[in-house]
Amino acid sequence: MQFFGGSDISPSPPAPTASGHNAHMMYMFNRNGVCLFYREWNRPLRTLNPQQDHKLMFGLLFSLKSLTAKMDPTSAEKGNLGVPQLPGQGCSFHSFRTNTYKLSFMESPSGIKIILVTHPRTGDLREALKYIYNLYVEYVAKNPVYAPGTPIKCELFNTNLDQYVRSIS
């Protein structure tokens with residue numbers, strides 16, 4: 001299991017992966033599937049209400065994690081399909097791409113799941129997701145007025161996240 005270093009935020013975040021503003025939306029879930037944060041930057045079509053959208057996204061992640069663990073060719077103990085795994089346990093996925101978007105995913109050791117949906121030609125975002133997680137740790141988790149498990153309402157986090165996401169391309 002890899003940890004993401006200290007909680008200090010690097011003065012220079014990972015370089016953007018392409019040119020232009022390509023981030024569509026971002027989700028953050030806790031280990032129980034509660035959506036702690038949702039933000040849209042460039043989502044032209046809204047087809048679901050927010051609660052349905054969050055449930056659908058968490059269900060997709062749960063299913064993909066379960067499927068990748070079940071298909072892991074390196075593990076003899078595959079467990080049952082649909083049984084939750086601990087963060088860092090078994091095989092995992094980082095992203096998938098369709099003709100209209102790319103979904104990038106990271107799960108922290110504490111079970112925080114970060115999903116960033118971008119343009120399909122966006123490159124590898126693993127370093128960008130780690131940087132976003134470090135923003136979360138610095139501005140949310142260390143905030144004495146934040147109650148874990150509740151929706152994130154921190155202007156400093158929002159401002160720094162928006163600024164960084166605009167640089168991801």
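Residues numbered from 1 in each chain as written. Predicted model: local features only at pLDDT ≥ 70, side-chain atom pairs only at ≥ 80, totals over all residues. Heavy atoms only, no water.

If you look the protein up in an unreviewed UniProt entry, it shows as Trafficking protein particle complex subunit from Punica granatum. What the UniProt record of the protein gives under Sequence similarities (unreviewed entry) is the line "Belongs to the TRAPP small subunits family. BET5 subfamily." (UniProt positions renumbered as here; feature names shortened; annotations may be inferred.)

Novice: Before we go on, may I ask you to explain the packing of helix H2 (residues 126-141) against helix H3 (residues 155-167) in this structure?
Specialist: When two helices pack together, you describe them by how their axes are tilted relative to each other and by the distance separating the axes. At a minimum axis distance of 9 Å, the contact between H2 and H3 shows a crossing angle of 165°. Classified by the angle their axes make, H2 and H3 are roughly antiparallel. In the packing of H2 onto H3, the handedness of the crossing is right-handed. Of the residues in H3, those in contact with Ala128, Tyr131, Ile132, Leu135, Tyr136, Tyr139 and Val140 of H2 are Leu156, Phe157, Asn160, Leu161, Tyr164 and Val165. Looking at the contact of H2 with H3 residue by residue, the classes come out as twelve nonpolar, one polar and no charged. (Axes fitted to C-alpha atoms, helices over the stretch in contact; angles between N-to-C directions. Helix = DSSP H or I, 4+ residues; strand = E, 2+ residues; numbered from the N terminus. Parallel < 35°, antiparallel > 145°, perpendicular 65-115°, else oblique. Left-handed = near helix turned anticlockwise from the far one by under 90°. Contact = heavy atoms within 4.5 Å. Nonpolar A, V, L, I, M, F, W, Y, C, P; charged D, E, K, R; others polar.)

Novice: Would you mind going over the nonpolar core with me for this structure?
Specialist: Nonpolar side chains in soluble globular proteins generally cluster together in the buried interior. Grouped together as the largest cluster of nonpolar side chains are 28 residues, with contacts concentrated most on Met26, Met28, Ile114, Tyr136, Ile152 and Phe157. Elements with a minimum of two residues in this core: strand E1 (23-29), strand E2 (35-40), strand E5 (113-118), H2 and H3. Sorting elements by how many residues they give to this core places H2 first, with nine residues. Grouped together as the second largest cluster of nonpolar side chains are twelve residues, Met25, Tyr27, Phe58 and Leu103 included. (Core = buried A, V, L, I, M, F, W, Y, C linked by side-chain atoms within 4.5 Å. Buried < 20%, exposed > 50% of the residue type's maximum accessible area, 1.4 Å probe, protein only.)

Novice: Looking at this model, I keep getting lost on the packing of aromatic side chains. Mind explaining?
Specialist: Think of a pair of aromatic rings as described by two things: how far the centres are apart, and how the planes are tilted against each other in angle. By the definition in use, this model includes seven aromatic pairs. An aromatic cluster of at least three residues, connected via ring pairs, comprises Tyr27, Phe29, Tyr38 and Phe58. (Phe/Tyr/Trp six-rings, centres within 6.5 Å; stacked < 30°, edge-to-face > 60°.)

Novice: I tried to follow the side chain of Asp162 on my own but got confused; where do I start?
Specialist: Following the sequence through the fold, Asp162 ends up in helix H3. If we ignore the near neighbours within four places in the chain, the residues touching Asp162 are Arg39 and Trp41.

Novice: Teacher, can you tell me more about the sheet that holds strand E4 (residues 102-107) here?
Specialist: Within a sheet, neighbouring strands are paired by backbone hydrogen bonds and run either parallel or antiparallel to one another. Pairing is antiparallel in the open sheet, where five strands are placed in the order E2-E1-E5-E4-E3. Each of the sheet's edge strands pairs with one partner strand only, and the pair in question is E2 and strand E3 (95-97). Strand-to-strand twist across the sheet, computed as the mean angle between neighbouring axes with direction ignored, equals 10°. For E3 and E4, the ladder comprises three bridges, and the chain directions are antiparallel. Each residue of the ladder has a partner; that of Arg97, found in E4, is Lys102. Each of E1, E2, E3, E4 and E5 is contacted by helix H1 (residues 50-71), which is oriented at about 75° to E1, the strand it contacts most. Across the face of the sheet, H3 comes into contact with E1 and E2 while running at roughly 45° to E2. (Pairing = 2+ DSSP bridges.)

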